Amino acid sequence: MSTTAGCCQSCLHYAFDYETTKTLVIPNIRVGLVFRFIQLLVALYVVGYVCVVQKAYQETDSVISTVTTKVKGFAFTNTSDMDAQFWDVADYVIPPEGDDSFFVVTNMVVTPRQTQSRCPELPNPSTTCVDDCDCIEGHSDPRGNGIQTGLCENYSTTVRTCEVRSWCPLEIDTKLPEHALLAAAENFTVLIKNSITYPKFNFHRRNILPHVNSSYLKRCEFNRTTDPHCPIFRFKHIVSEAGEEFQDMAVKGGILGIIIDWSCDLDWWAGKCHPKYSFRRLDSKDRANNVAPGYNFRFAKYYKTPDGEETRTLIKAYGIRFDVLVFGTAGKFGIVPTIVNLGAALSFLSLVPMVSDWVMLTCMRKRDVYSKHKVTYLNEAADTESLSMATSYGTQ
């Protein structure tokens, strides 16, 4: 019965005894400084980085955007390949109705008055010939200009090539003008109309700000320092902001990005949400790998002669393609991300005592004294004997 009573008494002790942690106060300035310094680092991380820099108290949403563009300007050319010509928007902007990408012609190779007929192929190792036996009727080379007729004709007084059925005369695109034909394109302007929305916050905005009116649009031009919110951009300034020279780039063309950043803080204390513009060349101009530089493509203008024969003017157009790239993230205060991120950040405070204990027990001169009071080593043999004696005394 005594044994049973002792077991019941032990169970009651386990069930209802109160346990608490033991606090060890160390009156050492160095240990205290280490502890407070680590606390300060954690506080700076939570307040400075998490709250201020990362704005972890906010909900976020990604931008949805639409863009339209309208180019204005004109130029005049007079070359030996074509008659004097006046160029306006309908001639040099492709496609005429631009959206988030448009192309402006700055240089070209023009092959006028082409008709569907027969003519000698341009000389290259696969098209030169001595007689008709070297040409295969019906053969077509994807890198050539037409379908061979099987005849070997004189291309010049010294060179003979296989005759092809094609649009003749054939284009010779090696004679690219060294100076851009439409050099005046540097003074062309483009109006960019950009509308964005953040659906989570029901927030809508245009890059044409509320204070802008028609008279302002007629006289304004984007300038990073004096007029950073004007949506009208001069091509020369765009290329210059991207670190390029317009006349150099206009010879063989290239691709430029007009970047609109709509990163906004939508909290009432954060101020206004305005677009920020930047410009960058997107195509490669590496001198060590300069194969097929620039940007170009071909298009044709078709005509019919009075006798019904179809002719065309083939244009290999070099120019600058402008890509309007819109991106952004908006943030607004939310109670859920605030609690979650603040709790996660404050959890780092639990590491402060661990680091302080390590410094105290490893690096301090009195670490043996601190260890004696901090750490209790269990002697199983002695403790077991003492426990047995106490148990025997309790059963008497």
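Located above this text is the structure these notes cover.
*Asks:* Please explain the state of the cysteines as it appears in this structure.
*Replies:* Each disulfide consists of one covalent bond between the sulfur atoms belonging to two cysteines. The tally for this structure, following the rule as stated, stands at five disulfides. In this model C220 forms its disulfide with C230; the gap between the sulfur atoms is 2.0 Å. Every disulfide takes its handedness from the sign of the S-S torsion; for C220 and C230 that torsion is 65°, giving right-handed. Of this pair, C220 sits in the loop between α4 (214–219) and β11 (232–234) while C230 sits in the loop between α4 and β11, placing them ten residues apart in sequence. Accessibility expressed as a relative area gives 8% for C220, which makes it buried. With a sulfur-sulfur separation of 1.7 Å, C264 is cross-linked through a disulfide to C273. Measuring the twist about the S-S bond at about 55°, one finds the C264-C273 disulfide to be right-handed. Taken individually, C264 and C273 each receive the classification buried, so the pair is uniform in this respect. Unpaired in this structure, C133 has its nearest cysteine sulfur neighbour in C135, at a distance of 9.2 Å.

*Asks:* Would you take a moment to explain the nonpolar core for this structure?
*Replies:* Note that soluble globular proteins tend to have their nonpolar side chains buried in a common cluster. Core analysis: the largest hydrophobic core is formed by 48 residues, its most contacted members being Y92, F235, I238 and F322. Secondary-structure elements contributing two or more residues to this core are β2 (64–72), β6 (101–120), β9 (189–198), α5 (235–241), α6 (246–252), β12 (254–261), β14 (276–281) and β16 (310–327). Looking at this core, the element that brings in the most residues is β6, giving six residues. Residue contacts for F235: discarding those within four places in its chain leaves V71, F102, V104, A185, E186, F188, T189, V190, F246 and F322. One finds L209, Y216, C220 and C230 within the second-largest nonpolar core, a separate group that totals eight residues.

*Asks:* Is there a simple way to think about the packing of helix α2 (residues 29–53) against helix α7 (residues 335–346) in this case?
*Replies:* Between two packed helices, the angle of one axis relative to the other and the distance separating the axes together describe the packing. Relative to each other, α2 and α7 sit at 140°, their axes nearing to 9 Å. The pairing of α2 with α7 is recorded here as oblique in orientation. Relative to α7, the crossing made by α2 is right-handed. Contacts between α2 and α7 pair Y45, V46 and V50 from the former with N341, L342, A345 and L346 from the latter. Considered class by class, the residues forming the contact of α2 with α7 number six nonpolar, one polar and no charged.

Calculation notes
- Residues numbered from 1 in each chain as written.
- Predicted model: local features only at pLDDT ≥ 70, side-chain atom pairs only at ≥ 80, totals over all residues.
- Heavy atoms only, no water.
- Disulfide = S-S within 2.5 Å.
- Helix = DSSP H or I, 4+ residues; strand = E, 2+ residues; numbered from the N terminus.
- Buried < 20%, exposed > 50% of the residue type's maximum accessible area, 1.4 Å probe, protein only.
- Core = buried A, V, L, I, M, F, W, Y, C linked by side-chain atoms within 4.5 Å.
- Contact = heavy atoms within 4.5 Å.
- Axes fitted to C-alpha atoms, helices over the stretch in contact; angles between N-to-C directions.
- Parallel < 35°, antiparallel > 145°, perpendicular 65-115°, else oblique.
- Left-handed = near helix turned anticlockwise from the far one by under 90°.
- Nonpolar A, V, L, I, M, F, W, Y, C, P; charged D, E, K, R; others polar.

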